[in-house]
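# Summary of the model geometry
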Amino acid sequence: MQAPFFTAHNVLLDNGIYTKPESPGTIDKEPVFLSAKHILNLVFPLNKEAFNILDLGCLEGGYTTEFARMGFNATGIEVRDINYECCMYVKNHTRLPNLNFVKDDVLNVERYGIFDAVFCCGLLYHLDRPKTFLEQVASQTRKLIIIQTHFSLATQTIESKFHLSDLITHDGIKGRWYGEFSEDTGLEAQQQMRWSSFQNSKSFWIQREELIELIYKLGFTTVFEQFDAFSPDISNHLQNGYFSNLRGTFIGVRNMG
């Protein structure tokens, strides 16, 4: 199988080949993955083979693969043909029987049963009904949800590089619209837009405070924002980049007692 083109995930395969060799580092060393690894090890310290994790909108399968290497039964869902080819290329070049990929729209998440943990990275801000989607996902999540996403703010007094709409209430929650692509963009063209939304031409970015409260209301009684992905210069990032990039990591843990 000829190697497909990878845009982001540099995965070390079992044969010693890298999927994106021009990258300075592998995905298992990326801050986003290390941050997720920290919370996963905290919540599931032992017997990871007894737990399953779902990677929503898994792109090229890199994070899903590293979760499997941690020992979890890992499943990635990806809708775009070209990204799914990358996922299967990684699958076919790693000896990981606990690694699985399915080609489907994440809106069909309920087809795949209950998962102990769900990883939602780079996806939520590409949806036009994110609250409804998180309600679906919460019903499929037994213990832990990790949401790495863009968000919006109650006020736009801080300069941002994104052109967001005025604050409105949509899908039962406050947030702002973000334009993804022209409404007349065909499905074939959308398939090639590997880092964009799928079928919805604009997306709704939930207000940060509303997102935190929503996670709690969905039954995750321990809710917090995780900042170690910004290390080692956390203070500088929070003061000089956080509110312009409008992106963070939000954690929800169910109290099983």
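Attention in this report is confined to the structure presented alongside it. All chains use their own residue numbering, which begins from 1 and follows the written sequence. Reporting of local features is limited, given that this is a predicted model, to residues whose pLDDT is at least 70; pairs of side-chain atoms are given and counted only at 80 or more, and all residues count toward the totals for whole chains, interfaces and linings. Hydrogens are left out, water is left out, and the side-chain values use all remaining heavy atoms of the structure.

## Description of the sheet that holds strand β4 (residues 115-121)
Any two strands between which DSSP finds at least two bridges are classified as paired. We count a stretch as a helix when DSSP gives it H or I for four or more residues in a row; a strand needs E for two or more, and each element gets its number in order from the N terminus. Read across the sheet, 7 strands follow the order β3-β2-β1-β4-β5-β10-β9 without closing on themselves; strand pairing throughout is mixed. Of all strands in the sheet, those with a lone pairing partner are β3 (99-103) and β9 (222-226), marking the two edges. Averaged over neighbouring strand pairs, the angle between their axes works out to 15° when direction is ignored. Relative to strand β10 (residues 247-253), strand β5 (residues 141-150) runs antiparallel, the two sharing 7 bridges. Within the sheet, the bridge partner assigned to Thr149 lies in β10 and is Gly248. Strands β1 (52-56), β4, β5, β9 and β10 of the sheet are contacted by helix α1 (residues 31-43), whose axis makes an angle of about 160° with β5. Think of each axis as a best-fit line through the C-alpha atoms, taken over the contacting stretch in the case of a helix, with angles from 0 to 180 degrees between the N-to-C directions. By definition in these notes, contact holds between two residues if any of their heavy atoms fall within 4.5 Å.

## Side note on the side chain of Ser203
Within the secondary structure layout, Ser203 lies in strand β8 (residues 202-206). Residue burial is assigned from relative accessible area. The probe radius is 1.4 Å, only protein chains are included, and a residue is buried under 20% of its type maximum, exposed over 50%, and partly exposed in between. For Ser203, a relative accessible area of 0% corresponds to the buried category. Whenever two N or O atoms come within 3.5 Å, that pair is a polar contact, provided that in protein one can donate a hydrogen and the other can accept it, and provided that, for residues adjacent in sequence, both atoms are side-chain atoms. Reaching out from Ser203, the side chain makes a polar contact with the backbone oxygen of Tyr125 at a distance of 3.4 Å.

## Focus: the packing of aromatic side chains
Within 6.5 Å between ring centres, the rings of Phe, Tyr and Trp (the latter by its six-membered ring) count as paired, and their orientation is classed by plane angle as stacked under 30 degrees, edge-to-face over 60, tilted in between. Taken as a whole, this structure holds 17 aromatic pairs when the rule is applied. Both rings, one in Phe44 and one in Phe72, keep their centres 5.8 Å apart while their planes meet at 80°; by these two values the pair is edge-to-face. Highlighted residues: Phe44 in the loop between α1 and β1 and Phe72 in the loop between α2 (62-70) and β2 (73-78), separated in sequence by 28 residues. Both residues of the pair, Phe44 and Phe72, belong to the buried class. Site record: aromatic cluster; members linked through ring pairs are Phe151, Phe227, Phe230, Tyr242, Phe243 and Phe250. For Lys202, the ring lying beneath its charged end belongs to Trp177, and the centroid distance is 4.4 Å. Only when the NZ of Lys or the CZ of Arg is both within 6 Å of the ring centre and within 35 degrees of the ring normal is a charge said to sit over the ring.

## Focus on the sheet that holds β8
With antiparallel pairing, the 3 strands of this open sheet are ordered in space as β6-β7-β8. With one partner strand each, in any of the chains shown, β6 (168-170) and β8 form the two edges of the open sheet. Pairwise comparison of adjacent strand axes, ignoring direction, gives a mean angle of 60° for this sheet. The pairing of β6 with strand β7 (residues 173-179) spans 3 bridges and is antiparallel. Paired with Thr169 across the bridge in β7 is Lys174.

## Overview of the environment of Lys48
Take Lys48: it is sitting in the loop between α1 and β1. For Lys48 and Phe67, which are 19 residues apart along the polypeptide, the C-alpha to C-alpha distance reads 9.7 Å. Ignoring anything within four residues of it in the chain, the contact list for Lys48 reads Asn41, Met70, Gly71, Phe72 and Asn73.

## Things to note about the environment of Asn52
With respect to the helices and strands, Asn52 occurs in strand β1. Those residues in contact with Asn52 that sit more than four places away from it in its chain are Asn73, Ile114, Phe115, Asp116 and Ala117. Among the polar contacts made by the side chain of Asn52, one reaches the main-chain carbonyl oxygen of Ile114 at a distance of 3.4 Å. Here Asp116 takes part through its backbone nitrogen, which lies 2.7 Å from a polar atom of the side chain of Asn52.

## Examining the environment of Gln2
Position of Gln2 relative to the elements: it lies in the segment before α1. Judged by relative accessible area, which is 72%, Gln2 ranks as exposed. Each C-alpha atom, one on Gln2 and one on Glu183, is 34 Å from the other, the two residues being 181 residues apart in sequence.

## Regarding the pattern of salt bridges
Whenever Lys or Arg places a side-chain nitrogen within 4 Å of a carboxyl oxygen from Asp or Glu, that contact is recorded as a salt bridge. With the rule as written, the count across this model stands at 12 salt bridges. As a salt-bridge pair, Arg208 and Glu225 come within 2.8 Å of each other at their nearest N and O atoms. With Arg208 in helix α6 (residues 208-217) and Glu225 in strand β9, this residue pair connects regions lying 17 residues apart in the sequence. When its relative accessible area of 18% is taken as the criterion, Arg208 is described as buried. Glu225 gets classed as buried once you look at its relative accessible area, which sits at 13%. Note that Lys217 and Glu213 form a salt bridge whose closest N and O atoms lie 2.7 Å from each other. Here Glu213 and Lys217 lie together in helix α6, a separation of 4 residues that amounts to about one turn. By sharing partners, the salt bridges in this structure join Asp14, Glu66, Arg69 and Arg95 into a single network.

Function cannot be read off these values alone, since they describe shape.
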